[in-house]
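# A structural walkthrough
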Amino acid sequence: MSTMQATLPDDFFFGAALSGPQTEGAWQSGGKLENLWDRWSNLDLSAFHNRVGSYAGNDMTRKAAEDFETFASLGFSSARTSIQWSRLMDANGKVNPEGAAYYHRLFAAAREAGVEPFVNLYHFDLPAYLFDRGGWESREVVEAYAAYATAAFTEFGSEIEHWFTFNEPIVEPEMRYEHGAWYPFLTDFARARTVQYGISLAHALAVNSFRDLQARGVVRPDAQIGLINCFTPPYTKENPSPADLEAVRMTDGLCNRWWLDLVTKGTLPQDVIDTLAERGVELPTRPGDAEILAQGKVDWLGFNYYHPARVQAPEHGTDEHGNPVFAREYVWPDAVMNESRGWEIYPKGIYDFAKTMQRDYPDLEWFVSENGIGIEEDRAERDDAGRIMDASYRVPFVRDHLRWIAQAIEEGAKCRGYHYWGAIDCWSWNNAYKNRYGFVEVDLAHDYRRLPKQSSDWIRQVAKTHIVD
Ligand code: BGP
């Protein structure tokens, strides 16, 4: 790729990505119920960086108007956030009027500022009482999600054009059920796949409901529905062995093709299901499931990209818990790392995903729904005016990713836009406020005051001119 200036198409959109649980705060007001982040915070605040739990958000509940104005001033025409299930619905599965009013106000504030709200329905934030009823392993919860989605489409269907069912549906099975990293800290591969399967059904039921409500005029005719995932391309070493390629196949199969097949064909990849069965992992299928999954086809996709996956053959076929292991990490000697997050920086991955889409799913439009760089305390470097001096690392990160996007579009990729993650600093799960992503700082010591960083001037210029230099 040339390092020359790149230009993005006129109709290419720029925007911000955020989520309800990471921005709203106000976790005990307006009839909001406990979600799994609130529960974990309540059980063990020490698990969160500097003991900043889920209650923090970034105060967007009070600062929404200001934040959307900021996005508009950066040249952003859209912003994606999520509705919190635990705020919109009460424990009887009825709409909580205060929650509904909150989101009507939020979306109106976006429009007021000239920012189009993109609405996602789920961002790792299961209501705790539904976890207690079996979580995503339970069909009752899958049905409850479909009812919640229907309620949301009905409530906001005349307002919202861009809907998404899930953000990164691969992450909860992995983090909560497989890697033991997030509450409830399980390390059970088979249960993780049951959760993945339950979420897949939930997605398809929601799309079905969306289509039905659109046909009946409840959802606006120009509305579209999609899915967002971290479709991280898996790479392996040079001159791989057949076993290394097998590790790539299963990593790609579980993390990428599973969802891509679901949203383009309404099926799950048979080779992955067969390999799982050979290793004793049976999905809890029921008669009628194939018909449900067949409804899962979407209008477009969101691609969250931070880092590639690099894998190789595992040393052992099972781990200490008796789980099947299909791959282990491959550390590429040339990797450039973001040490704060432990993630490799590899901008070309965005282009490689574009190529995969062109080859395997040529009809589907997509956009980069998250990308960004979180640096610990933004190195605490400030100029005399007190602005965070982040341009030396944030600008090259974004610029290199945008250049690869421009290149892919030139070669025909159907990539329609770019949303930067956490354009205003926000709460990062158990990392809380350790790593900062924003073009705008949130000052926790001064009532969440917003302060533009040095990089904000650069992104404003790019978003307004579409010239990346
Ligand atoms: C994505 C999530 C976001 C966001 C981002 C950055 O996986 O969709 O919610 O948090 O990653 O990751 P982190 O906040 O863990 O640094």
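These numbers come from a predicted model, not from an experiment. (Residues numbered from 1 in each chain as written. Predicted model: local features only at pLDDT ≥ 70, side-chain atom pairs only at ≥ 80, totals over all residues. Heavy atoms only, no water.)

## Concerning the sheet that holds strand S15 (residues 415-421)
Sheet architecture is closed into a barrel: eight strands sit in the order S2-S3-S4-S5-S6-S8-S13-S15, paired in parallel fashion. Ignoring strand direction, the axes of neighbouring strands in this sheet form an average angle of 30°. Pairing of strand S3 (residues 78-82) with strand S4 (residues 116-120), which is carried by five bridges, proceeds in the parallel orientation. Residue pairing across strands places Ser82 opposite Asn120, the latter belonging to S4. Across the face of the sheet, helix H7 (residues 139-156) comes into contact with strand S5 (162-167) and strand S6 (224-229) while running at roughly 160° to S5. (Pairing = 2+ DSSP bridges. Helix = DSSP H or I, 4+ residues; strand = E, 2+ residues; numbered from the N terminus. Axes fitted to C-alpha atoms, helices over the stretch in contact; angles between N-to-C directions. Contact = heavy atoms within 4.5 Å.)

## A look at the site of the ligand
Of all residues adjacent to the ligand, which total 13 residues, the nearest are Gln22, His123, Glu168, Ser428 and Tyr437. A distance of 2.8 Å separates an oxygen atom of the ligand from a polar side-chain atom of Arg341. Glu370 places a polar side-chain atom, nitrogen or oxygen, 3.0 Å from an oxygen atom of the ligand. In isolation the ligand exposes 380 Å². Once the protein is present, 93% of that is buried. Partitioned by chemical class, the residues of the shell around the ligand number five nonpolar, five polar and three charged. (Near = heavy atom within 4 Å. Polar contact = N/O pair within 3.5 Å; in protein donor to acceptor, adjacent residues only side chain to side chain. Areas by Shrake-Rupley, 256 points an atom, 1.4 Å probe, with all protein chains shown as cover. Nonpolar A, V, L, I, M, F, W, Y, C, P; charged D, E, K, R; others polar.)

## Let's talk about the sheet that holds strand S7 (residues 234-235)
Strand order in the open sheet formed by three strands is S7-S9-S10, and the pairing between neighbours is mixed. The open sheet terminates on both sides in strands that have one partner only, identified here as S7 and strand S10 (328-329). Pairing geometry for S7 and strand S9 (residues 309-312), over two bridges, is parallel. Considered in S9, the bridge of Pro234 is made with Ala309.

## Some details on the side chain of Ser209
Residue position: Ser209 is located in helix H9 (residues 189-215). Among the polar contacts made by the side chain of Ser209, one reaches the side chain of Thr150 at a distance of 2.8 Å. Beyond its immediate chain neighbours, meaning those up to four positions away, Ser209 contacts Thr150 and Phe153.

## Examining helix H13 (residues 348-360)
Here H13 spans 18 Å end to end across 13 residues, near enough to the 18 Å set by a 1.5 Å rise per residue. Of the residues making up H13, those classed as buried are Gly349, Ile350, Tyr351, Asp352, Phe353, Ala354 and Met357. Those residues of H13 hidden inside the fold are in contact with S7, helix H10 (242-265), strand S8 (300-304), strand S13 (365-370) and helix H14 (391-410). (Expected span 1.5 Å × (residues − 1). Buried < 20%, exposed > 50% of the residue type's maximum accessible area, 1.4 Å probe, protein only.)

## Digging into the nonpolar core
In terms of nonpolar packing, the biggest core is built from 143 residues, with Phe68, Ile83, Trp136, Tyr145 and Trp163 touching the most fellow members. It is H9 that contributes the most residues to this core, 12 residues altogether. Phe118, Phe164, Ile228 and Trp300 belong to the second largest nonpolar core, which has six residues in total. (Core = buried A, V, L, I, M, F, W, Y, C linked by side-chain atoms within 4.5 Å.)

## Thoughts on the layout of surface pockets
Taken as a whole, the second largest pocket encloses approximately 240 Å³ of empty space. Sorting the residues of the lining of the second largest pocket by element identifies helix H11 (270-278) and helix H12 (289-293) as the ones contributing at least two each. Per-element tally for the lining of the second largest pocket: the top contributor is H11, with four residues. Its residues assigned to classes, the lining of the second largest pocket shows nine nonpolar, four polar and two charged. (1 Å grid on protein atoms, 1.4 Å probe; cavity = no way out; pocket = protein on both sides within 12 Å on 5 of 7 lines; lining within 4 Å. Points joined across faces, edges and corners; volume = space filled by probe spheres on them.)

## So, the pattern of salt bridges
This model, assessed by the stated rule, comprises 41 salt bridges. One salt bridge in this structure joins Asp132 and Arg39, with 2.8 Å as the shortest N-O distance. In this pair, Asp132 is assigned in the loop between helix H6 (128-131) and H7 and Arg39 in helix H2 (residues 36-43), connecting sequence segments 93 residues apart. Judged by its relative accessible area of 14%, Arg39 is buried. For Arg394, the salt bridge is made with Asp378, and the minimal N-O distance between the two is 3.1 Å. (Salt bridge = Lys/Arg side-chain N within 4 Å of Asp/Glu carboxyl O.)

## Comments concerning the pairing of strand S17 (residues 440-443)
Burial of the side chains of S17 extends over both faces: Val440 and Val442 are buried on one face and Glu441 and Asp443 on the other. Where S17 meets strand S18 (residues 449-452), four bridges bridge the pair, whose relative direction is antiparallel. When the sheet's bridge partners are listed, Val440 is paired in S18 with Pro452. Taken together, S17 and the strand that follows it, S18, pair antiparallel across an intervening segment of five residues, in which Asp447 is found at a positive phi of about 55°.

## Section: unusual backbone geometry
Along the chain, Tyr183 connects to Pro184 via a cis peptide bond; the corresponding omega equals 5°. With phi around 45°, Ala26 is a residue other than glycine that occupies positive phi space. Tracing the chain through its elements places Ala26 in the loop between helix H1 (20-23) and H2. Despite not being glycine, Asn239 has its phi angle at roughly 50°, a positive value. In this structure, Asn239 sits in the loop between S7 and H10. Its relative accessible area of 72% is what places Asn239 among the exposed residues.

Honestly, that's just the spatial picture; any functional story needs more than this.
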